[in-house]
Each structure stands twice: as C-alpha cells, then as structure tokens.
Amino acid sequence: AAEAREFLADAAHAVETAGRVLERVVAGEAAARRDREAVQSRSRSAAAAVQALGGEHARLVEASHAEELARTEQRMRLEQLVETARDEHGLEPDALVQQYGPEVPVPVEREGGDGSVETDHEPYDRSRQQRRLRAAERGLAELGTVNPLAMEEYTALEERHRFLLQQQQDLSTSKKDLLGIIRDVDARVEEVVSAAYADTAREFEQIIPRLFPGGVGRLVLTEPDDILTTGIEVEARPAGKTVKRMSLLSGGERTLVALAFLVALFKARPSPFYVLDEIEAALDDANLGRLLVLMEELRASSQLIVVTHQKRTMEAADALYGVTMRGDGVTAVVSQRLREVV
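What you see is a predicted model, and the numbers here were worked out from it, not measured in a lab.

(A) Structural context of the overall build of the protein. Check the secondary structure of the protein and you find seven helices and eight strands. Expected size for 342 residues packed as a compact globule is a radius of gyration near 20 Å; at 61 Å, the protein overshoots this value by more than 25%. Principal-axis analysis of the C-alpha atoms places the extent of the protein at approximately 185 × 105 × 60 Å. Counting all 342 residues of the protein, 17% fall into the buried class. A sequence separation of at least 24 residues applies to 40% of the contacts in the protein between residues at least 6 apart. Each charge class in the protein was averaged separately, 43 positive and 59 negative side chains, and the resulting centres sit 7 Å apart.

Here it is, written out as structure tokens:
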C-alpha cells in the first residue's frame, strides 16, 4: 500500500508535468501557426508586388519600344522632309526654317470692304495652319490631276457652247414661231368650229319640228368658253312631253333625234355623197314619210346610198341594187333603174 501510494504520487506528478508540457506544446503550435500565416501573407504580398513590378516592367519595355519606333519614324520623316525640301523646293533645312519657321509671321489674304484683296501677316498657329492646309488639299483634290490638253478641250467646249447657244436661240425662235402658228391655228379652228356649230345648231332647231311636229330641240355646249375642248349636248322635247334629255326618250324618238342631228350636219356642211345603213329600221310610216322628205331635200345637192329593207324608201330611190342567191347557190347582183336622173 505504501508503494502504491508512492507510485500514485509519482503518477500524479507525472500527469501534472505532462499537462504543463502539453500546454506549452499547444501554445507553441499556435504561435508557430500564427508565424506561418504571417509568413504566407508576406509571401503573397511579395508575389503580388513582384507581379505588379513585372507588369510595370513590361509596360515600360513596351513604351520604350514605342518611343524607339516613334523616334525612328520621326527621324525617317525628317530625312524625307529634308529630301523633299531639297528636291522639290531647292532649299536646305536651315534656309527653309529661316524663311518659313514657326517664328516667321504667316501671310494671310483678306478681302476688303470694296472687294479688293489685301495681304496681311499673323503669328504662326499650328492648328490654324493645319486647317488651311487641309482646305488647300481639298481644293487641290477637287481640281484633279493636271491635264496637258486642257486648253484644247476648253477651246472645243467653248465652240460647243457657242454652237449650243446658237441652237438654243434657233429653238427659242422656232418655239416662238410655232406658238404663233398654234395660236393662229387655234384661232382658225375656233372660228371654223364656232361657225360649224352655229350652222348645225340652226339647222337642228329647224329640223326637229319637222320630224317632231310641235316639238323643239337645240344643241348646247358644255363649256362655251373653251370651244376646242367643249362637248355638245343634244336636247329634244317632242310635242306633249316635258323631257329634254335623249336618255329619257323612247327608242324611235332617239332614232329621230339622231337622224335630225345627222341631217343638220349634212345641211350645215354638205358632202358630195352619203352612205346610210338602215337608218329608218325603227321608224313607223308617219315618221318614215317625214324622213323621206328630208332625204329628198338632201338628194338635190348630194348623192345618197341607202341600205334599206323599207319599201317606201326603195320607191323613193332612183335606182335599186340587190343581192340574191340563184338556184345553184351562187349570189348575184341585180339592179333596176326606177327613174332617169336629170
């Protein structure tokens, strides 16, 4: 029991010692972890700084290369300008700078109030001179390339211009003459048409009562002020009716009005002969008799060729011509003179 108590005391002491050692180990491990995290943070910061410095180095290298290229291009451009000054202008760079350098005033042309052009000088302004240069280049581009045959072309164009001017004058004179002729023709046409209309209207007003006993009729211009484009309306009113328009008349009455208009034309402007094709087909005996009287009057000054199936019309003719079919199926023309023509 004594040994056990001694062993227990030693064990408790060992456990206490081990606890203190464990605490120190845990504290050391935590400190080591903190130190490791700090080192890692410093390492990451250093890596970021190294990367930033690498980017800056690359940018500086690229800028250095660009500057070197710009200096090279500037040097080549300067050499080109020197060669251009020597070849095109015959001036050395020093003389060119002395005469046209930025410290030399730039001559500028200004227009005076009376229209005269005055030359003035102003200090050199690069942006303003660049604008003048661009304007001059645009004007030069609009002029185009130099044409050595410009004078010959100008002479030819001048001759062509004179020829066209003469042709224009001739055309203007011809146009004026044609317009005068057109006015004369229009005046003559108006005179002829007005006279023809007046004669036809007069005859129509006289013929309508003969075809329509007790009736009246007239011709009316749709546009009396413009005789060349006017239309003509035919008005007829048979006895006992109040209608005037042909569209309101019967078929036979329309035929009589149309015949009255034709006969009025024949009487106003006679023709050597007339060809009439079954004009009396829709007329009764009374109206046919009135029409035949008018045809007799027309026959006194003109020859009438009438196609008809009416017996009374045939009886009024001087000669008859007919077409018949013989027994063998062949058509034949037959004629018969009814009276001698004086």
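(B) Region of the structure containing the packing of helix α5 (residues 251-268) against helix α6 (residues 285-299). Across the interface, α5 lies against α6 with an axial gap of 11 Å and an inter-helix angle of 10 degrees. Relative to α6, the element α5 is oriented roughly parallel. Of the residues in α6, those touching α5 at Leu256, Leu259, Val263, Phe266 and Lys267 are Asn287, Leu291, Leu294, Glu297 and Leu298. Residues of the contact of α5 with α6, tallied by class, amount to seven nonpolar, one polar and two charged.

(C) Representation of the packing of helix α4 (residues 150-211) against α5 in the model. Contact geometry of α4 with α5 gives a least axis separation of 8 Å together with a crossing angle of 135 degrees. Between α4 and α5, the interaxial angle falls into the category oblique. Considering only the axes of α4 and α5, their crossing is right-handed. Residue-level inspection shows Asp199, Thr200, Glu203, Phe204, Ile207, Ile208 and Leu211 of α4 in contact with α5, the latter providing Leu256, Val257, Ala260, Phe261, Val263, Ala264, Leu265, Lys267 and Ala268.

(D) Focus on a negative patch on the surface. A surface patch of negative charge is lined by Asp184, Asp186, Glu190, Glu223, Asp225 and Asp226. By the secondary structure assignment, aspartate 186 is in helix α4. Take aspartate 186: its relative accessible area is 31%, and that puts it in the partly exposed class.

(E) Examining the pattern of salt bridges more closely. Under the criterion given, the structure shown has 15 salt bridges. Between glutamate 68 and arginine 71 there is a salt bridge; the shortest N-O distance is 2.5 Å. Placement of both glutamate 68 and arginine 71 in helix α1 (residues 2-89) is noted, with a separation of three residues, approximately one turn of the helix. Residue classification places glutamate 68 among the partly exposed positions, given a relative accessible area of 40%.

(F) Here's a closer look at the environment of aspartate 125. Among the secondary structure elements, aspartate 125 is positioned in the loop between β2 (117-122) and α3 (126-143). On the basis of relative accessible area, aspartate 125 is assigned to the partly exposed category, the value being 28%. The spatial distance from the C-alpha of aspartate 125 to the C-alpha of glutamate 103 is 9.8 Å, given a sequence separation of 22 residues.

How each quantity is defined
- All residue numbers refer to position in the chain's written sequence, counted from 1.
- Side-chain atom pairs in this predicted model are given and counted only at pLDDT of 80 or more, local residue features only at pLDDT of at least 70, and totals for whole chains, interfaces and linings cover all residues.
- Values shown for side chains rest on all heavy atoms present in the structure; no hydrogens or waters enter the calculation.
- By definition, any uninterrupted DSSP run of H or I lasting at least four residues is a helix, any uninterrupted run of E lasting at least two residues is a strand, and each is numbered from the N terminus.
- The atom set for the radius of gyration is the C-alpha atoms, and the globule formula is 2.2 Å times the number of residues raised to the power 0.38.
- Remark: exposure states derive from per-residue accessible area (1.4 Å probe, protein chains only) relative to the maximum for the residue type, with buried under 20%, exposed over 50%, and partly exposed in between.
- The criterion used for residue contact is that any of the two residues' heavy atoms lie within 4.5 Å.
- Note on charges: Lys and Arg go in the positive column, Asp and Glu in the negative column, and His and the chain ends are not counted at all.
- Each charge is placed at NZ for Lys, CZ for Arg, CG for Asp and CD for Glu.
- Under this scheme, a helix contributes an axis fitted over its contacting stretch, all axes are lines through C-alpha atoms, and angles between N-to-C directions fall in the 0 to 180 degree range.
- Each angle receives one of four descriptions, namely roughly parallel if under 35 degrees, roughly antiparallel if over 145, roughly perpendicular if within 65 to 115, and oblique otherwise.
- Residue type decides the class: Asp, Glu, Lys and Arg count as charged, Ala, Val, Leu, Ile, Met, Phe, Trp, Tyr, Cys and Pro as nonpolar, and the leftover types, Gly among them, as polar.
- It is the rotation of the near helix from the far one that decides the hand of a crossing: anticlockwise by less than a right angle makes it left-handed, clockwise makes it right-handed.
- Each patch is built from residues lacking any salt bridge and having more than 30% relative accessible area; the joining distance is 9 Å for like charges and 5 Å for nonpolar side chains (Val, Leu, Ile, Met, Phe, Trp, Tyr).
- Here, Shrake-Rupley sampling with a 1.4 Å probe gives the accessible areas, and only protein chains in the shown set may cover a residue.
- For this analysis, a salt bridge means a side-chain nitrogen from Lys or Arg found within 4 Å of a carboxyl oxygen belonging to Asp or Glu.

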